Amino acid sequence: MDLIRTTARSEETDLLRLQRLYARYGYDKFRMSKFEDYTLYLQNKDFLKGGNIITFNGPDGRLLALKQDVTLSIVKNARDEATPCKVYYTENVYRASDDTNDIREIPQAGVEYVGQVDVYAMSEVLLLALESLSVVSERYILGVSHMGFVRGLLDAADFSMDVRRQVLACIQNKSAHELHALCRAHGVEASLEEKLCALSTVFGKPEDCFPTLEGMAVNDATEEAVRELRQIYDLLCETGHGENVRIDFSVANDMQYYNGVTFQGFVDGTPRSVLSGGRYDDLLRKFGRKSGAIGFAVYLDLLEYGRNDTDGGADVLVLYDPADVKGLAGAVQALQQDGRRVRVQSERTDDRAYKTVYAFREGGLVEL
Amino acid sequence: MIHIALPKGRLGEKAYQIFKSLGYGCPEIEEDNRKLIFENPENDVCYFWAKPSDVPVYVERGAADIGIVGKDILLEHGSDVYELLDLGMGKCRMAVAGIRGHRPAADKTLRVATKFPNIARSYYASQSREIEIIRLNGSIEIAPLLGLSDVIVDIVETGTTLRENDLEVKAEILPISARLIANKSSFRFADREIGLIAEKMKELVTEHD
């Protein structure tokens, strides 16, 4: 009896399915301790997803942190080798919310590929992202962007660092009106302004968007980015997973670390993105490595929203008389054989709903 | 069904009239009743009233697909939502105001009374000015008059309240107006419907300008 198939979808089963998925593609399991050196997070604060880090003094006086992120720890240990590091993880991360000071334990699954990143490697990671989404829902979308394209356009506009950040924020919030105002305030030439603002409105199936993107290319960086997106998309279509992909520049990530394709996964019924990832070679450079890297994380806590938990507890109630229990255990086990959850009590004490209620009398079950 | 969060008050009522004129009316909401949620299955739309500062919370968390909210609340709250359109309604300014003719000493820590501590902090940080924030919830104008603070950071519409109390605008921080916001996840699954609403509203708004 496959417990995983018969048990209602839950966090545990999602985790198990995801692990099996990543293992099928030959990714190794990465395990890490609950704690990480605080300085690692301090030096790479911009890479973290936000929220306060929970710190404490270790036994040797070092400042430690309850781990908030797994990618940094993987990258910290990665070496420049011929064999690519292909790992997956299912770990709990810890974050303190900025405003309420609640400390949360967040189950997270993820995949990292560190090494020579070619088009096939990128499409494999995106395929894993799509398959991860399909594990948790039937209705999902993977929004895909390319930081090379965004950067290329920003370079053409010659903005200062501060304005680049504001422009990126407008693109992430789809605020075309604010982008127009920013462009005008900084004297951006009209056709470039139109292209930048188009970044905040372009959204749709890749085959529909590619012609528009090609028309928006202004330099080598932007042309190369569209070419790369096309190649990745073609490979994804070969596997039949192309239909849930959308071109979506509002998924743009921190420009410091993400230099190529970036993506976010959404599941219908869940208000925030449940999957987030991208190509982050620039983080590896910061660690003095020559390799490239691409990966993603799945936020399993958010999936609670989408689940239809009608779980009221046990399916069957068996009432018994403490003086007449010979054969009761066997009868209960027999009921459990067909996968039902059986609760045994001497009295009916509350009005919980059960599918069936039995009374155990004189060696047998009587349906009430 | 598209769920729309409307802010209680004048802005929300104006916004509803706009939705109605675009074909998203809901007769229930116009009736005099104590209902909180109003559905119109014909238009496939559902409205509810919320405290203005709560609208971004409903939208961010997906309880509403879209909402109408002032830029001041968006900036103060820091919501992770799409800001699709500037409705050009409810126009006013976020400004620093203080007693007319009075200039607080530049070497002292400036005491700022405000309902918008995040906006105030961010404004003065950009000026590298050290401040002490005094968080109030209403009638901010009386703070400098009673010596509670040196200045206030607040919304100014016509400026009449300030003038009548011998206060004046010292600096304008930014212009404020009502915005159409959308939940980031809803948008991806209902981009056609939400995009259509935004498009229609944009046409209406630019007509008026």
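About the cut-offs
Each chain carries its own residue numbering, running from 1 in the direction its sequence is written. To label them, take the chains in the order written and letter them from A, then take the ligands in the order written and number them from 1. Totals for whole chains, interfaces and linings use all residues, but because this is a predicted model, local features are given only for residues with pLDDT of at least 70 and pairs of side-chain atoms are given and counted only at 80 or more. Water and hydrogen atoms were dropped before computing side-chain values, which therefore reflect all heavy atoms in the structure. Secondary structure elements follow DSSP: runs of H or I no shorter than four residues count as helices, runs of E no shorter than two count as strands, and numbering proceeds from the N terminus. Exposure categories follow from relative accessible area, calculated using a 1.4 Å probe and restricted to protein chains: below 20% of the type maximum is buried, above 50% is exposed, and the middle band is partly exposed. When checking whether two residues touch, look at their non-hydrogen atoms; a contact exists if any pair is within 4.5 Å. For accessible areas, the Shrake-Rupley method is used with a probe of radius 1.4 Å. Any residue's cover is judged against the shown protein chains and nothing else. What the arc measures is the spread of directions leading from the helix axis to the C-beta atoms. Axes here refer to lines fitted to C-alpha atoms; in helices the fit is confined to the stretch in contact. Angles between the N-to-C directions go from 0 to 180 degrees. Orientation is classified from the angle alone, with under 35 degrees giving roughly parallel, over 145 giving roughly antiparallel, 65 to 115 giving roughly perpendicular, and any other angle giving oblique. Throughout, a crossing is termed right-handed when the near helix is turned clockwise from the far one, and left-handed when it is turned anticlockwise from it by less than a right angle. Residues are grouped as follows: Ala, Val, Leu, Ile, Met, Phe, Trp, Tyr, Cys and Pro are nonpolar; Asp, Glu, Lys and Arg are charged; every other residue, Gly included, is polar. Two parts placed together each lose some accessible area under a 1.4 Å probe, and the buried area is that loss summed for both. Salt bridge criterion: a side-chain nitrogen from Lys or Arg within 4 Å of a carboxyl oxygen from Asp or Glu. As used in this structure description, the phrase polar contact means that two N or O atoms lie within 3.5 Å; if the pair is within protein, one of them must be able to donate a hydrogen and the other to accept it, and residues adjacent in sequence are counted only when both atoms belong to side chains. By convention a nonpolar core is built from buried Ala, Val, Leu, Ile, Met, Phe, Trp, Tyr and Cys residues, the set being connected through side-chain atoms within 4.5 Å. When DSSP locates at least two bridges between a pair of strands, those strands are taken to pair. Only a pair of cysteine sulfur atoms within 2.5 Å qualifies as a disulfide here. One less than the residue count of a helix, multiplied by 1.5 Å, gives the span that helix is expected to have. When two rings of Phe, Tyr or Trp (its six-membered ring) have centres within 6.5 Å they constitute a pair, described as stacked for plane angles under 30 degrees, edge-to-face for angles over 60, and tilted for the intermediate range. By definition here, charges over rings are those cases where NZ of Lys or CZ of Arg is within 6 Å of the ring centre and within 35 degrees of the ring normal.

1. Re the overall build of chain A
Right, on to step 1. On a plain count of helices and strands, chain A comes out with 13 helices and 16 strands.
Right, on to step 2. Overall size of chain A, expressed as C-alpha extent along the three principal axes, is 90 × 55 × 45 Å.
Right, on to step 3. Per-residue burial for chain A yields a buried fraction of 53% across its 368 residues.
Right, on to step 4. Of the contacts formed within chain A by residues at least 6 apart in sequence, a portion of 69% connects residues at least 24 apart.
Right, on to step 5. Carbon and sulfur atoms make up 46% of the accessible area of chain A, which amounts to about 17700 Å² in all.

2. With respect to helix 5 (residues 117-126) of chain B
All names here are of chain B.
Right, on to step 1. Three or more residues of helix 5 are buried, namely Pro 117, Ile 119, Ala 120, Tyr 123 and Tyr 124. In an axial view of helix 5, the angular spread of the buried residues amounts to 165 degrees, which keeps them on one side of the axis. For helix 5, the exposed residues lying more than 90 degrees away from the buried face are Ala 125 and Ser 126.
Right, on to step 2. Turning to helix 5, the residues buried within the fold contact helix 4 (71-77), strand 6 (92-99), strand 7 (110-114), strand 8 (131-135), strand 9 (151-156) and strand 10 (167-176).
Right, on to step 3. Ser 128 sits one or two residues past helix 5 and shows a positive phi near 55 degrees.

3. Structural notes on the packing of helix 5 (residues 119-136) of chain A against helix 11 (residues 220-238) of chain A
When two helices pack together, you describe them by how their axes are tilted relative to each other and by the distance separating the axes.
Residue and element names in this part refer to chain A.
Right, on to step 1. In the contact formed by helix 5 and helix 11, the axes pass within 9 Å of each other and the chain directions differ by 55 degrees. It follows from the interaxial angle that helix 5 and helix 11 lie oblique. Crossing geometry of helix 5 relative to helix 11 is assigned as right-handed. In contact with Val 119, Tyr 120, Met 122, Ser 123, Leu 126, Leu 127 and Leu 130 of helix 5, helix 11 contributes Glu 228, Gln 231, Ile 232, Leu 235 and Leu 236.
Right, on to step 2. Looking at the contact of helix 5 with helix 11 residue by residue, the class counts come to nine nonpolar, two polar and one charged.

4. Thoughts on the interface of chain B and chain A
Right, on to step 1. Contacts between chain B and chain A engage 18 residues on the former and 20 residues on the latter.
Right, on to step 2. In total, chain B and chain A occlude about 1600 Å² of area from one another, counting both sides; carbon and sulfur atoms represent 50% of this.
Right, on to step 3. Counting across the chain B and chain A interface gives four salt bridges.
Right, on to step 4. Note that A:Arg272 and B:Glu60 form a salt bridge whose closest N and O atoms lie 3.8 Å from each other.
Right, on to step 5. For the pair chain B and chain A, the number of links is 11 residue pairs in polar contact (both at pLDDT 80 or more).
Right, on to step 6. When contributions to the side of chain B that touches chain A are tallied by element, the ones reaching two or more residues are strand 5 (82-86) and helix 8 (184-189) of chain B.
Right, on to step 7. Of the residues contributing to the side of chain B that touches chain A, the split by class is six nonpolar, three polar and nine charged.

5. Overview of the pattern of salt bridges
Right, on to step 1. For the structure shown, the criterion picks out 33 salt bridges over all chains.
Right, on to step 2. One salt bridge connects A:Arg151 with A:Asp282, and the closest N-O pair in it is separated by 2.9 Å. Of this pair, A:Arg151 sits in helix 6 (residues 147-157) while A:Asp282 is found in helix 12 (residues 281-286), placing the two residues 131 residues apart along the sequence.
Right, on to step 3. Overall, A:Asp282 belongs to the partly exposed group, its relative accessible area being 24%.
Right, on to step 4. B:Lys20 serves as the salt-bridge partner of B:Glu30, at 3.1 Å between the closest nitrogen and oxygen. Of this pair, B:Glu30 sits in helix 2 (residues 27-30) while B:Lys20 sits in helix 1 (residues 10-24), placing them 10 residues apart in sequence.
Right, on to step 5. Linked through salt bridges whose partners overlap, the residues forming this network are A:Glu178, B:Lys71, B:Glu83, B:Asp86 and B:Arg179.

6. Re the nonpolar core
Within soluble globular proteins, side chains that are nonpolar generally end up buried alongside one another.
Right, on to step 1. Counting residues in hydrophobic clusters, the biggest one holds 99 residues, and the most contacted among them are A:Tyr22, A:Leu213, A:Phe263 and A:Phe296.
Right, on to step 2. Broken down by element, this core gets its largest block of residues, 11 residues, from helix 5 of chain A.
Right, on to step 3. A:Tyr22 has contacts with A:Tyr27, A:Tyr88, A:Gly110, A:Val111, A:Leu128, A:Ser132, A:Phe296 and A:Val298, leaving out every residue within four places of it along the chain.
Right, on to step 4. By size, the runner-up hydrophobic cluster in this structure holds 32 residues, among which are B:Val45, B:Ile68, B:Ala182 and B:Met201.

7. Notes on the sheet that holds strand 7 of chain B
Residues and elements named next belong to chain B.
Right, on to step 1. One open sheet accounts for five strands, arranged 8-7-9-6-10; its pairing is mixed. With one partner strand each, in any of the chains shown, strand 8 and strand 10 form the two edges of the open sheet. With direction set aside, neighbouring strand axes in the sheet form an average angle of 30 degrees.
Right, on to step 2. Pairing analysis gives eight bridges linking strand 6 to strand 10, with the strands arranged antiparallel. When the sheet's bridge partners are listed, Gly 98 is paired in strand 10 with Glu 168.
Right, on to step 3. Across the sheet, helix 5 is in contact with strand 6, strand 7, strand 8, strand 9 and strand 10; its angle to strand 8 comes to roughly 170 degrees.

8. Some remarks on the environment of A:Leu16
Residue and element names in this part refer to chain A.
Right, on to step 1. Along the polypeptide, Leu 16 turns up in helix 2 (residues 11-24).
Right, on to step 2. Overall, Leu 16 belongs to the partly exposed group, its relative accessible area being 39%.
Right, on to step 3. As a C-alpha pair, Leu 16 and Thr 90 span 74 residues in sequence and 9.2 Å in three-dimensional space.

9. Details of the state of the cysteines
The term disulfide refers to a covalent linkage connecting the sulfur atoms of a pair of cysteines.
Right, on to step 1. According to the stated counting rule, one finds zero disulfides over all chains in the structure shown.
Right, on to step 2. A:Cys183 forms no disulfide, and the closest cysteine sulfur to it belongs to A:Cys197, at a distance of 4.8 Å.
Right, on to step 3. In this structure B:Cys92 is a free cysteine whose sulfur lies 19 Å from that of A:Cys170, the closest cysteine sulfur available.

10. A look at the environment of A:Ile106
Residue and element names in this part refer to chain A.
Right, on to step 1. Take Ile 106: it is sitting in strand 6 (residues 103-115).
Right, on to step 2. Taking the relative accessible area as the measure of exposure, Ile 106 reaches 5% and is therefore buried.
Right, on to step 3. When the C-alpha positions of Ile 106 and Val 93 are compared, they lie 5.2 Å apart, and in sequence the two are 13 residues distant.
Right, on to step 4. Among residues more than four places away in sequence, those in contact with Ile 106 are Glu 91, Asn 92, Val 93, Arg 95 and Asp 301.

11. Structural notes on helix 5 of chain A
Right, on to step 1. Taking 1.5 Å of rise per residue, the 18 residues of helix 5 of chain A would be expected to cover 26 Å, and the 26 Å separating its terminal C-alpha atoms lies within 8% of that figure.
Right, on to step 2. At the N-terminal end of helix 5 of chain A, a side-chain oxygen is found 3.1 Å from the backbone nitrogen of A:Tyr120, two or three residues along, and the residue is A:Asp118.

12. What to know about the packing of aromatic side chains
Right, on to step 1. Under the counting rule described, the total for this entry stands at 16 aromatic pairs over all chains.
Right, on to step 2. For the pair B:Tyr16 and B:Tyr47, a centre-to-centre distance of 5.4 Å together with 80 degrees between the ring planes defines the contact as edge-to-face. Highlighted residues: B:Tyr16 in helix 1 and B:Tyr47 in strand 3 (residues 45-50), separated in sequence by 31 residues.
Right, on to step 3. Using a relative accessible area of 4% as the deciding quantity, one classes B:Tyr16 as buried.
Right, on to step 4. According to the relative accessible area criterion, B:Tyr47 is buried, its value standing at 0%.
Right, on to step 5. With centroids separated by 5.0 Å and ring planes inclined at 75 degrees, the aromatic side chains of B:Tyr123 and B:Tyr124 adopt a geometry described as edge-to-face.
Right, on to step 6. Over the ring of B:Tyr82 we find A:Lys174; its NZ or CZ atom is 5.4 Å from the centre of that ring.

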